[in-house]
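# Examining the three-dimensional arrangement
The residues making up each chain are set out below.
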Amino acid sequence: MSALIAAARPILQGLLFALKQEVVAEVGGYENVKLLMLPRMYRAGDGDIGICFEYAVHDAVGRGEPNVVEKVNDGMRKYCKVKGNDTASILFGAEKSGALRLIDTAKGLLTDDSRLLTGAQAQPIKLRRYINLLAAAFRRPTTRLYLPASISGAWKADLFLGMKDTDRWVGTTVKINPAQLEGATGIRVGIVPSRHGKSDKITFDVGKNLVICPLPYDAAFMEVFYSAWFIIQQFIAADAQVPREASLPTTAQRMVAKLLAERRAFPLVDVIEALGPIAQPELLQTIARDRPVEPSREEDALVETLIAPISRFVETSA
């Protein structure tokens, strides 16, 4: 249940900021949208799950979710030559109805020496210097003419992934549908879901010039994400009440819906914040224990590892 709550929070955030701005303005802004209003204000669209997937990936990197951090670290280090140990994510924008929102301010992470690695044979550009221009280029096609050639397509990025300790970043595109993945100049990494029973091996797409990082499914990040998405959709369909047992048959699913229903009268931003301690991410950690090695038993030479679906990740080596 803790894993489902942790996954539900960025989904709720994605749905909140996907609401049409004119509708939100009628209630006085996003901070005044109560959870019980969501079923009335939300209109399902084909791109909604994609927006929530962007938020979920960004949130997973911020929380240090091992399934995600290990995958993007491997891709950035092997193919993009990004050095460092302190993985971070800047959510550049989640788009709907032609509007761009910079959800996380880049100023909190970027410095004057932050460099965007594009793979071009040239000095990497300083990302902080161009972040506002990239945002403007999303809204106004004419502004794209003023971008340096090495980042001419970076305005399409969904995230900027990188390492805070070395201050090096790469443009990243995130797509819930791998068929919609497109390359662009200045974007190096593509994040997509893996499929049930399929390989999540990192590959390099020469045609798109993208490092493809499929996030693991079976008993891992994608399975939890889809389960949480299913709960939220059923909760909305039930008018922000606990759905019928046939709609959410498992105890964990119904408990998540109950926690939300109990808070339906509160602003959604406050509910998302309140669910943080309930998720208890600090209790779900990767723990390694040494075991005595018996040469006659190969399996005893392994280190036992307890890995939770949603956890804190602390990297100990480069």
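Residues numbered from 1 in each chain as written. Predicted model: local features only at pLDDT ≥ 70, side-chain atom pairs only at ≥ 80, totals over all residues. Heavy atoms only, no water.

## Side note on the pairing of strand 1 (residues 87-91)
Burial of strand 1 is extensive: five of the five residues sit out of reach of the surface. Covered by surrounding structure in strand 1 are Thr87, Ser89 and Leu91 together with Ala88 and Ile90, the residues of both alternating faces. Where strand 1 meets strand 4 (residues 159-163), five bridges bridge the pair, whose relative direction is antiparallel. Bridging from a neighbouring strand, serine 89 pairs with leucine 161 of strand 4. (Buried < 20%, exposed > 50% of the residue type's maximum accessible area, 1.4 Å probe, protein only. Helix = DSSP H or I, 4+ residues; strand = E, 2+ residues; numbered from the N terminus. Pairing = 2+ DSSP bridges.)

## Regarding the pattern of salt bridges
Taken as a whole and judged by the stated rule, the model has eight salt bridges. Across the salt bridge formed by aspartate 59 and arginine 63, the nearest N and O atoms sit 2.7 Å from each other. With aspartate 59 and arginine 63 both in helix 4 (residues 48-63), this residue pair falls four residues apart, about one helical turn. A relative accessible area of 11% places arginine 63 in the buried class. The partner of aspartate 205 in a salt bridge is lysine 208, and the shortest N-O contact between them spans 3.7 Å. When its relative accessible area of 26% is taken as the criterion, aspartate 205 is described as partly exposed. According to the relative accessible area criterion, lysine 208 is partly exposed, its value standing at 32%. (Salt bridge = Lys/Arg side-chain N within 4 Å of Asp/Glu carboxyl O.)

## With respect to helix 9 (residues 268-279)
Counting along an α-helix, one turn takes 3.6 residues, and residues three or four places apart therefore face a common direction. Relative to the 16 Å expected for 12 residues at 1.5 Å per residue, helix 9 spans 16 Å between its end C-alpha atoms, a close match to the ideal helical length. The complete set of buried residues in helix 9 reads Leu268, Val271, Ile272, Leu275, Gly276 and Ala279. Seen from one end, helix 9 has its buried residues packed into an arc of 160°, which puts them on one side. Turned more than 90 degrees off the buried face of helix 9, the exposed positions are Glu273 and Pro277. (Expected span 1.5 Å × (residues − 1). Arc of directions from axis to C-beta.)

## Some points on the packing of helix 1 (residues 2-17) against helix 9
It is the contact of helix 1 with helix 9, at a shortest axis distance of 9 Å, that shows an interaxial angle of 165°. Judged by the angle between their axes, helix 1 and helix 9 are roughly antiparallel. As helix 1 packs across helix 9, the resulting crossing turns out to be left-handed. Along the contact surface, helix 1 presents Ser2, Ile5, Ala6, Arg9, Leu12, Gln13 and Leu16, while helix 9 presents Leu268, Val269, Ile272, Glu273, Leu275, Gly276, Ile278 and Ala279. Here the residues of the contact of helix 1 with helix 9 are counted per class, giving 10 nonpolar, three polar and two charged. (Axes fitted to C-alpha atoms, helices over the stretch in contact; angles between N-to-C directions. Parallel < 35°, antiparallel > 145°, perpendicular 65-115°, else oblique. Left-handed = near helix turned anticlockwise from the far one by under 90°. Contact = heavy atoms within 4.5 Å. Nonpolar A, V, L, I, M, F, W, Y, C, P; charged D, E, K, R; others polar.)

## Remarks on the packing of aromatic side chains
Summed over all chains, the structure comprises eight aromatic pairs. Summarising the aromatic geometry, the rings of tyrosine 217 and tyrosine 226 are spaced 6.1 Å apart at their centres and angled 40° between planes, so their arrangement reads as tilted. Cluster of aromatic residues (ring-pair linked, three or more members): Phe53, Tyr217, Phe225 and Tyr226. Seen from the ring of tryptophan 155, arginine 144 lies directly overhead, with NZ or CZ sitting 3.6 Å from the centre. (Phe/Tyr/Trp six-rings, centres within 6.5 Å; stacked < 30°, edge-to-face > 60°. Lys NZ or Arg CZ within 6 Å of the ring centre and 35° of its normal.)

## Brief notes about the nonpolar core
As a rule of thumb, nonpolar side chains are buried together in soluble globular proteins. Residues Phe53, Val57, Ile191, Phe221 and Phe225 are the most contacted members of the largest nonpolar core, which totals 70 residues. For phenylalanine 53, the contacting residues outside a window of four places in its chain are Val174, Lys175, Ile176, Ile191, Val192, Pro193, Leu215, Phe221, Met222 and Phe225. (Core = buried A, V, L, I, M, F, W, Y, C linked by side-chain atoms within 4.5 Å.)

## Structural notes on the environment of arginine 244
Here arginine 244 shows up in the loop between helix 7 (221-237) and helix 8 (251-261). With 10 residues separating them along the chain, arginine 244 and arginine 254 place their C-alpha atoms 8.9 Å apart.

## Observations regarding the pairing of strand 6 (residues 187-193)
The buried count for strand 6 comes to seven of seven residues, which makes it a mostly enclosed element. Examined bridge by bridge, strand 5 (residues 168-174) and strand 6 share four bridges and lie parallel to one another. Bridge pairing links threonine 172 to valine 189 in strand 6. Direction of pairing for strand 6 relative to strand 8 (residues 210-215): parallel, over a ladder of five bridges. Residue valine 192 lies in a different strand from strand 8, and its bridge partner there is proline 214.

## Quick word on helix 5 (residues 66-80)
Across its 15 residues, helix 5 extends 20 Å between first and last C-alpha, which sits within 8% of the 21 Å expected from 1.5 Å per residue. Within the span of helix 5, buried status applies to Pro66, Asn67, Val68, Val69, Lys71, Val72, Asn73, Gly75, Met76 and Cys80. The N-cap residue of helix 5 is glutamate 65: its side-chain oxygen and the backbone nitrogen of asparagine 67 are 3.0 Å apart. (Polar contact = N/O pair within 3.5 Å; in protein donor to acceptor, adjacent residues only side chain to side chain.)

## A short note on unusual backbone geometry
One non-glycine residue with positive phi stands out, namely aspartate 167, at about 60°. One can find aspartate 167 in the loop between strand 4 and strand 5. Backbone geometry at asparagine 209 places phi at a positive 55°, although glycine is not the residue there. Checked against the element boundaries, asparagine 209 lands in the loop between strand 7 (203-205) and strand 8. Looking at asparagine 209, the relative accessible area reads 40%, which means it is partly exposed.

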